[in-house]
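Observations on chain architecture
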Amino acid sequence: MHWRLDLSGDWPYVVRLVGDDPPQLAVWLSDHDIDFFALPTGAYYGRLTAATESRPDTNGWRSYLEQLIAPNGAYLPVAWAGPVGVYTSHDGRLRLYHTPGVGLVLDADGQQTTLAPDGQTTIVAIGFDRELGTVAAVGDDGRLHMYQQGVHVGSYAVEINPQAVVRLAVPDGGDTVLVIEENQVRAITIGGYVRLRLPELARINAAACSPDGEILVTADGDSGMLRAYDGALRLVAQEPALDVLLRAPSLQLPEDLPWPQMPPHTLDVDSAGRLALAVEGIVCVTHVRDLAPVAQPRALL
């Protein structure tokens, strides 16, 4: 399972690994155009063009949500209806809506609950546990706001730079949120305790965490280096993204195409270690175990 595909000038907005029967890759070319590929082979499954005009509490909203399913039957983890971000649980029964400047709404089987943060903060980044529905949100005040089952658990002053947040990740069923900023990664418990920290990192341009929380992959913004960490945030593998692309068999006939000069701008990784990345208009699928391993320290006898 190692391939690459040039999308003929289209730069993917987001890539996500969806489902497992069979596993597929979803590639967002815009907020409403989503292409699907077989993960092992890159075979094209077709395009979903979602009607994105509806908004929550309008007549067409439920019909919009019913579109958000991959060809393998898996619910799409994220989608956008105009400015509204839609985050969906594995079983499709729980959804989180994020409207910038307005706030968060948790939808459980059609029953909506507004998630209000402390104070007058504006939410700028969110993470969503697709199994239990735990929500992590960063406000423009730099605080981390946590919710479980629609209940506000707490707001914590953990000195987050809201302009530097690359991604928030809440592993399925876990009690920790990964706060990935441009120059550091922290694992913070639902109670606001910083459990693990990677400080002073090279600038991170993109990042992804596996659903089980055991794999973190980042892409450096300057060098394009892909770095893979385990659940304890130990660096286990790293390799330049361009080397990964060069090693991946192309699904197209050889063409005189310009080679990308930018770092990866979107990533995803699943709990089996399957890794998808996009570099400019090229999509690549590989496996974390195929990245160059990093020697680990060993205890002296």
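A few points on the structure. (Residues numbered from 1 in each chain as written. Predicted model: local features only at pLDDT ≥ 70, side-chain atom pairs only at ≥ 80, totals over all residues. Heavy atoms only, no water.)

Our next topic: the pairing of strand β21 (residues 225-230). The side chains of a regular strand alternate, first on one face of the sheet and then on the other. Burial analysis of β21 places 6 of its 6 residues in the buried class, the great majority of the element. Two elements, strand β20 (residues 215-220) and β21, share 5 bridges in a ladder whose sense is antiparallel. The residue of β21 that forms the bridge with Ala219 is Leu226. Between β20 and the antiparallel strand that follows it, β21, lie 4 residues; Gly224 among them carries a positive phi value of about 75°. Where β21 lies against strand β22 (residues 235-240), 5 bridges are found, and the strand directions are antiparallel. Residue pairing in the sheet places Tyr229 in a bridge with Leu235 of β22. What sits between β21 and β22 in their antiparallel hairpin is a turn of 4 residues, with Leu233 showing a positive phi close to 60°. (Buried < 20%, exposed > 50% of the residue type's maximum accessible area, 1.4 Å probe, protein only. Helix = DSSP H or I, 4+ residues; strand = E, 2+ residues; numbered from the N terminus. Pairing = 2+ DSSP bridges.)

This paragraph deals with the side chain of Asn72. Its place among the elements puts Asn72 in the loop between α1 (61-66) and β6 (78-81). Within the structure, Asn72 has its side chain in polar contact with the backbone oxygen of Pro22 (distance 2.8 Å). Filtering out sequence-adjacent residues up to four positions away, Asn72 remains in contact with Val18, Gly19, Asp20, Asp21, Pro22, Pro23 and Gln24. (Polar contact = N/O pair within 3.5 Å; in protein donor to acceptor, adjacent residues only side chain to side chain. Contact = heavy atoms within 4.5 Å.)

Within this structure, the stated rule accounts for 11 salt bridges. Arg47 is paired through a salt bridge with Asp35; the nearest N and O atoms lie 2.6 Å apart. Of this pair, Arg47 sits in strand β5 (residues 44-49) while Asp35 sits in strand β4 (residues 33-38), and the two are 12 residues apart along the sequence. By sharing partners, the salt bridges in this structure join Asp20, Asp270 and Arg274 into a single network. (Salt bridge = Lys/Arg side-chain N within 4 Å of Asp/Glu carboxyl O.)

Another aspect to go through is the sheet that holds β22. On the basis of which strands lie adjacent, the open sheet formed by 4 strands has the order β19-β20-β21-β22 and antiparallel pairing. The open sheet terminates on both sides in strands that have one partner only, identified here as β19 (204-209) and β22. Recorded for the sheet is a direction-independent mean angle of 15° between the axes of neighbouring strands. (Axes fitted to C-alpha atoms, helices over the stretch in contact; angles between N-to-C directions.)

Moving on: the nonpolar core. Trp28, Trp61, Tyr64, Leu76, Val86, Leu96 and Leu104 are the most contacted members of the largest nonpolar core, which has 35 residues in total. Within the second largest apolar cluster, 21 residues are counted, among which are Ile215, Val244, Ala248 and Val279. (Core = buried A, V, L, I, M, F, W, Y, C linked by side-chain atoms within 4.5 Å.)

Spatial strand order, β15-β16-β17-β18: 4 strands in an open sheet with antiparallel pairing. Both outer strands of the open sheet, β15 (165-169) and β18 (194-198), are each paired with one neighbouring strand and no more. Neighbour to neighbour, the strand axes of the sheet diverge by 15° on average, direction disregarded. Pairing of strand β16 (residues 176-181) with strand β17 (residues 185-189), which is carried by 5 bridges, proceeds in the antiparallel orientation.

Direction of pairing for strand β8 (residues 94-99) relative to strand β9 (residues 103-108): antiparallel, over a ladder of 6 bridges. Note that in β9 the partner of His98 across the bridge is Leu104. Taken together, β8 and the strand that follows it, β9, pair antiparallel across an intervening segment of 3 residues, in which Gly101 is found at a positive phi of about 85°. Judged from the 5 bridges that link them, β9 and strand β10 (residues 111-115) form a sheet pairing that is antiparallel. For Val105, the partnering residue across the bridge sits in β10 and is Thr114. Joining the antiparallel neighbours β9 and β10 is a turn of 2 residues, in which Asp109 adopts a positive phi near 55°.

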